[in-house]
Amino acid sequence: MHNTRILILGANSDIAVATARILAQEGADLWLSSRNLEELEKEAANLRTRYGVDARGVRFDARDFDSHPDFYSGLDPKPDGVVLAFGLLGDQQTSQKDFDQARAVMETNYTGAVCILELVAADFDRRGKGFIVGISSVAGDRGRADNYIYGSSKAGFTAYLSGLRQRLHASGIPVLTVKPGFVATKMTVGKPLPKRLTADPEMVARAIVKGIRKRKNVIYVKPLWRVIMGVITHIPEKVFKKLSL
Amino acid sequence: MELSGWGRHPVIQAEMTPAHNHRVLQEKISGMGTLIAYGYGRSYGDSALAKQVVGMRPLDRMIEFEESTGLLTCEAGVLFADIVKTFLPRGWFLKVTPGTKYITVGGAVAADIHGKNHHIAGCFGDTVSHLKMIGAGGETVHCSRDHNSELFRATCGGMGLTGIIFEAAFYLTKVPSATISMTTIKTRDLVETFEAFEKHADTPYSVAWVDCLAKGGSLGRSLVMLGEFEGEDANTDIDYRPSNGTTIPKWFPGFLLNNASISVFNKLYYAKAQNGSSKKRVGVDAFFYPLDRLLHWNRIYGKSGLIQYQFILPKSAGVKGMEEILQEIAQSGIGSFLAVLKLYGPANDHYLSFPMEGYSLALDFKVQHRLPELLDRLDRLVLKYSGRIYLAKDARVSREVFEQGYPQIEAFRALRKSLGLDRKFRSMQSDRLGL
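Note that the coordinates shown come from a computational prediction; the quantities given were computed from them, not determined experimentally.

Caption draft 1: Representation of the overall build of chain A in the model. Secondary structure summary: chain A contains nine helices and nine strands in total. Whereas a compact globule of 245 residues would reach a radius of gyration of roughly 18 Å, chain A reaches 18 Å, a difference of no more than 12%. Each of the three principal axes of chain A carries a C-alpha extent, and together these read 55 × 40 × 35 Å. Across the 245 residues in chain A, those meeting the buried criterion constitute 52%. Taking contacts inside chain A between residues at least 6 apart in sequence as the whole, the part at least 24 apart equals 70%. Charge-centre separation for chain A: the mean point of 36 positive side chains lies 9 Å from the mean point of 26 negative side chains.

Have a look at this one:
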């Protein structure tokens, strides 16, 4: 990863931090972006101190769509790869009652992601190089009662990445969709998670870096998830609607 | 969740709040009631145990390294293992490191830890330039030897009771290699052991393993290990890869470690060393962190856990003091798998720092019947010779025994009170000892 600069969108999440550290360890320079510049600067300093790479923080707000063109054109040097790691889980119950929250979830996970990745895709396409990684979710494989606002936004994002992959294939630009499953992170503190299905951020990060290297299309971090979601997506709707999964 | 120190005794129910960043830390602290910081859980007893603890590991960023001076600034949750992994290949090493690299920087400050070079380099706190902490009201406080110096002296060795240390700046030292040239001297009794330490007081690193079950004329027979970094040129890149460990399983049957097996181990370990003195070259991990190669080595003591008992006697106690204590242990028949003896240099001025000029002995005992009585007897002998107990290892010492060993305790208490720290930062240990 030497002489490669990677942009991490949503760089304060646990998965993003773990990914940035592995990439930096392998010699990649980094743009770290999110809303919390103070935290970004600390992590950038950490990457510089530990790994001797050029890591810099830059402010980015996924929902401030109008700011994206300036944000991207302001990056100098331009990234050779992008990892989109931002996401908003929200709370299903609240999202049902409060459209503002539902909208925040959708605008972050889908609209914001599409808005910035279109700029990235255009740039990579023009330069004929680059790679794109999007962290989506198993929740997007099928809508369920207890998280369908989040799930549908991720479903949209997964479909988007799939289309983007097809479009960029001709230019040799790989697009990787990552579905981490349960991850023990800041988002899930206090929730009881089944151990076998739960990855930690480092595990996700290693899977991402491996996926980049092997030019993978879609990865489930814990392979069991591929099986589970394979089953879940094949349950007939007639039956599925009666289940509490 | 269940929480314990490295000795796995005691085990308590506690609520852990992870410190994800400085702001979270500040917000949470004000609403939390009394609490104590919890690093990597390597203090042995109840120093970091309380109903509510703040988990410091997420704060693990290195902020800055000043190549010209060796000053490293990092967050308190950074592990020594990370520092060694990051900086040894660049030719830098910790000025002071204990026998494990799986400790956090914050924990190292709080226990004012020391290592095999205490007689030359002092404590970890002596290598610290300045600290950033969170006080009782959630406010950020800076301290160093020149600024808030009282707080600084109370914090290094203060067992996390003076606030939450969230950032520290300390000096690393240049080393020429990742190889230690090690000399092992086999001694026949305690007098010879002490002599070996005194004779080699200029060697940077020294420590002795004592056969604590040897009696009579062999009392105090040891393997004294001396070490120094190999090589001259301190300005080269160093090839260092951390060694991977073997994990001791959770179900390890504790009965395998009993007084008979310990006795056999001690005899064999002593017997296998060459007579007189022998030399060999070992890596940094093998020399400084031999037990880290057995991950979760504390599990060999089984479910009941272990108690580490570490005390220090001033030089004035001489061979006599240590002899009397070793006799007491040998007679009890309760063996310690590892008994580690070491010569210390002068004490620093930190209120509750453990080291003082003299000899310290650290013993690992499996928690068992008759052990409490033995330890009480040892306490009395430690006091008789004006020694003291190491808080980072302790889970049981009485307030009276503790207080007599630490003459600056009142200054520490007064500072805690005046800053309102005693109403916010409390551990089971501090409640037990009235710290």
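Caption draft 2: Representation of the pattern of salt bridges in the model. Residues and elements named next belong to chain A. The full count for this structure, using the stated rule, is 38 salt bridges over all chains. Where D125 meets R167, a salt bridge forms, and the shortest distance between an N and an O atom there is 3.9 Å. Of the two residues, D125 is situated in helix 5 (residues 99-127) and R167 in helix 6 (residues 148-169); the sequence distance between them amounts to 42 residues. On the accessibility criterion, D125 (31% relative accessible area) is partly exposed. Look at R167 and you get partly exposed, because its relative accessible area is 37%. A network of salt bridges, in which partner residues are shared, links D80, D123, R126, R127 and K129.

Caption draft 3: Broad picture of the interface of chain A and chain B. Facing the 13 residues of chain A at the interface are 17 residues of chain B. For the pair chain A and chain B, the two sides together bury roughly 1300 Å², of which 42% comes from carbon and sulfur. It is A:K42, A:T49 and A:R50 in chain A that bury the most area against chain B; as a group they hold 47% of the surface buried on that side. We note a salt bridge from A:R50 to B:D82, for which the minimum N-O separation is 3.6 Å. Applying the counting rule to chain A against chain B returns seven residue pairs in polar contact (both at pLDDT 80 or more).

Caption draft 4: Fine view of a positive patch on the surface. Side chains of A:K210, A:K214, A:K216 and A:R226 sit close together on the surface and give a patch of like positive charge. Judged by relative accessible area, which is 54%, A:K214 ranks as exposed.

Caption draft 5: Molecular detail of a nonpolar patch on the surface. Taken together, the side chains of A:L224, A:V227 and A:V231 present a nonpolar region at the surface, about 260 Å² in accessible area. Mapped onto the secondary structure, A:V231 falls in helix 8 (residues 224-234).

Caption draft 6: Focus on the side chain of B:D60. You can see B:D60 is positioned in the loop between strand 5 (52-55) and strand 6 (62-66). If near-sequence neighbours (up to four positions away) are discounted, B:D60 is found in contact with A:R21, A:N46, A:R50, B:E75, B:G77 and B:V78.

Caption draft 7: Structural detail: the sheet that holds strand 21 (residues 388-389) of chain B. Residue and element names in this part refer to chain B. Taken in spatial order, the eight strands make up an open sheet running 16-12-14-13-19-20-18-21, and their pairing is antiparallel. Two strands close off the open sheet at either side, each with one partner strand: strand 16 (277-283) and strand 21. In terms of strand pairing, strand 18 (residues 306-314) meets strand 20 (residues 358-366) through nine bridges, oriented antiparallel. What sits directly across from Q308, in strand 20, is D364. Packed onto the sheet, helix 7 (residues 259-272) meets strand 12 (179-187), strand 13 (205-210) and strand 14 (222-229) and runs at close to 130 degrees relative to strand 13. Of the strands in this sheet, strand 13, strand 18, strand 19 (339-344) and strand 20 touch helix 9 (residues 318-332), which is tilted by about 10 degrees from strand 20.

Caption draft 8: A look at the environment of B:L294. Residues and elements named next belong to chain B. Examined against the element boundaries, L294 turns out to sit in strand 17 (residues 294-295). Using a relative accessible area of 36% as the deciding quantity, one classes L294 as partly exposed. Between the alpha carbons of L294 and E400 there is a distance of 36 Å; along the sequence they are 106 residues apart. Setting aside residues no more than four positions away along its own chain, L294 makes contact with T246 and I248.

Caption draft 9: Spatial organisation of empty space enclosed by the protein. All names here are of chain A. By the definition in use, this model includes four cavities of 30 Å³ or more. Of the voids in this model, the largest cavity is the one considered here, and its volume is about 50 Å³. Lining the largest cavity we find F131, I132, V133, P174, V175, L176, G211, I212, R215 and K216. Elements with a contribution of two residues or more to the lining of the largest cavity: strand 5 (131-135), strand 6 (175-179) and helix 7 (201-213). The element best represented in the lining of the largest cavity is strand 5, accounting for three residues. A class-by-class count of the residues in the lining of the largest cavity yields seven nonpolar, one polar and two charged.

Caption draft 10: Broad picture of the environment of A:R167. Residues and elements named next belong to chain A. In this structure, the C-alpha to C-alpha distance between R167 and Q92, residues 75 residues apart in sequence, is 33 Å. In this view, R167 contacts E118, A121, A122 and D125; residues no more than four positions away in its chain are not counted. Among the polar contacts listed, one links the side chain of R167 to the side chain of E118, at a separation of 3.3 Å.

Caption draft 11: Layout of unusual backbone geometry. In this model, A:D76 is joined to A:P77 through a cis peptide bond whose omega is 5 degrees. As for its placement among the helices and strands, A:P77 is situated in the loop between helix 3 (68-73) and strand 4 (81-84). Put simply, B:H9 and B:P10 share a cis peptide bond, and its omega is 0 degrees. Here B:P10 is to be found in the loop between strand 1 (2-4) and strand 2 (11-13). One non-glycine residue, B:N148, lies in the positive phi region at around 50 degrees. Note that B:N148 resides in the loop between strand 10 (140-144) and helix 5 (149-155).

What counts and how
- Residues numbered from 1 in each chain as written.
- Chains lettered and ligands numbered in written order.
- Predicted model: local features only at pLDDT ≥ 70, side-chain atom pairs only at ≥ 80, totals over all residues.
- Heavy atoms only, no water.
- Helix = DSSP H or I, 4+ residues; strand = E, 2+ residues; numbered from the N terminus.
- Rg over C-alpha atoms; globule rule 2.2 N^0.38 Å.
- Buried < 20%, exposed > 50% of the residue type's maximum accessible area, 1.4 Å probe, protein only.
- Contact = heavy atoms within 4.5 Å.
- Lys, Arg positive; Asp, Glu negative; His and termini not counted.
- Charge placed at Lys NZ, Arg CZ, Asp CG, Glu CD.
- Salt bridge = Lys/Arg side-chain N within 4 Å of Asp/Glu carboxyl O.
- Buried area = accessible area lost by both parts, 1.4 Å probe.
- Polar contact = N/O pair within 3.5 Å; in protein donor to acceptor, adjacent residues only side chain to side chain.
- Patch = residues over 30% accessible without salt bridge, like charges linked within 9 Å, V, L, I, M, F, W, Y side chains within 5 Å.
- Areas by Shrake-Rupley, 256 points an atom, 1.4 Å probe, with all protein chains shown as cover.
- Pairing = 2+ DSSP bridges.
- Axes fitted to C-alpha atoms, helices over the stretch in contact; angles between N-to-C directions.
- 1 Å grid on protein atoms, 1.4 Å probe; cavity = no way out; pocket = protein on both sides within 12 Å on 5 of 7 lines; lining within 4 Å.
- Points joined across faces, edges and corners; volume = space filled by probe spheres on them.
- Nonpolar A, V, L, I, M, F, W, Y, C, P; charged D, E, K, R; others polar.

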